[in-house]
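Observations on the three-dimensional arrangement
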Amino acid sequence: ELRILAHLSQDQNLIAAFNNDLDIHTLTASQILNIDADKVSAEERRNAKAINFGIIYGMSPFGLSKQLGIFQSEAKQYIENYFNQFPSVYDYLENTKVFARAHGYVNTIQNRKLIINNIHNKNFNLRQYAERSAINAPMQGSASDIIKLAMQTIYKDIYKPEKIEIIMQV
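This section reports on the structure supplied with the text. (Residues numbered from 1 in each chain as written. Predicted model: local features only at pLDDT ≥ 70, side-chain atom pairs only at ≥ 80, totals over all residues. Heavy atoms only, no water.)

1. Some thoughts on the packing of aromatic side chains
Taken as a whole, this structure holds four aromatic pairs when the rule is applied. Both rings, one in Tyr82 and one in Phe83, keep their centres 5.7 Å apart while their planes meet at 80 degrees; by these two values the pair is edge-to-face. Taking the relative accessible area as the measure of exposure, Tyr82 reaches 0% and is therefore buried. Judged by centre distance (5.4 Å) and plane angle (90 degrees), the rings of Phe99 and Tyr105 are edge-to-face. Overall, the relative accessible area of 29% leaves Phe99 in the partly exposed class. Cluster of aromatic residues (ring-pair linked, three or more members): Tyr82, Phe83, Phe86 and Tyr90. (Phe/Tyr/Trp six-rings, centres within 6.5 Å; stacked < 30°, edge-to-face > 60°. Buried < 20%, exposed > 50% of the residue type's maximum accessible area, 1.4 Å probe, protein only.)

See the structure below:
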């Protein structure tokens with residue numbers, strides 16, 4: 001899903017990291033903590049992993065602070081540092097929320113429409129949940145699109161009932 005985020009956001013720093021086979025969690029830790037990648041500890045990498053995936057799920061500083069067991073102000077700074085390093089990710093996420101508000105749905109890379117309920121709800125919590133869903137749905141939906149295409153390719157190109165059979169995809 002982080003690779004899908006790189007594609008959707010067209011963030012050049014994120015794309016370069018994947019093109020150069022860098023460990024994205026170590027890179028994130030290095031950049032948001034402003035330390036050399038070879039100095040990143042296992043705990044700092046784990047925290048960066050939580051940040052990377054938290055961004056995809058629209059996690060707030062409050063949610064990140066709870067997950068990492070840190071002060072909310074520190075979590076907010078981590079998120080700000082992340083967006084400073086990956087500015088097109090921020091733009092993509094904000095534009096996705098704006099699109100969802102305007103249209104009531106978001107799209108996957110295969111142009112499947114994913115309806116976003118409660119995007120205009122007066123209840124703050126329901127509206128925030130809808131915004132988080134709007135951020136996450138294109139990535140998870142696109143991951144689903146990709147696996148479906150892969151399964152179709154496998155079926156078409158190598159399926160041989162006597163040798164290979166697709167049983168399940170998780």
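2. Thoughts on the pattern of salt bridges
Scanning the entire structure with this criterion turns up five salt bridges. The salt bridge partner of Glu80 is Lys76, with a shortest N-O separation of 3.3 Å. On the criterion of helical spacing, the pair formed by Glu80 and Lys76 is a turn pair, its members being four residues apart in helix H6 (residues 72–85). Glu80 gets classed as partly exposed once you look at its relative accessible area, which sits at 33%. (Salt bridge = Lys/Arg side-chain N within 4 Å of Asp/Glu carboxyl O. Helix = DSSP H or I, 4+ residues; strand = E, 2+ residues; numbered from the N terminus.)

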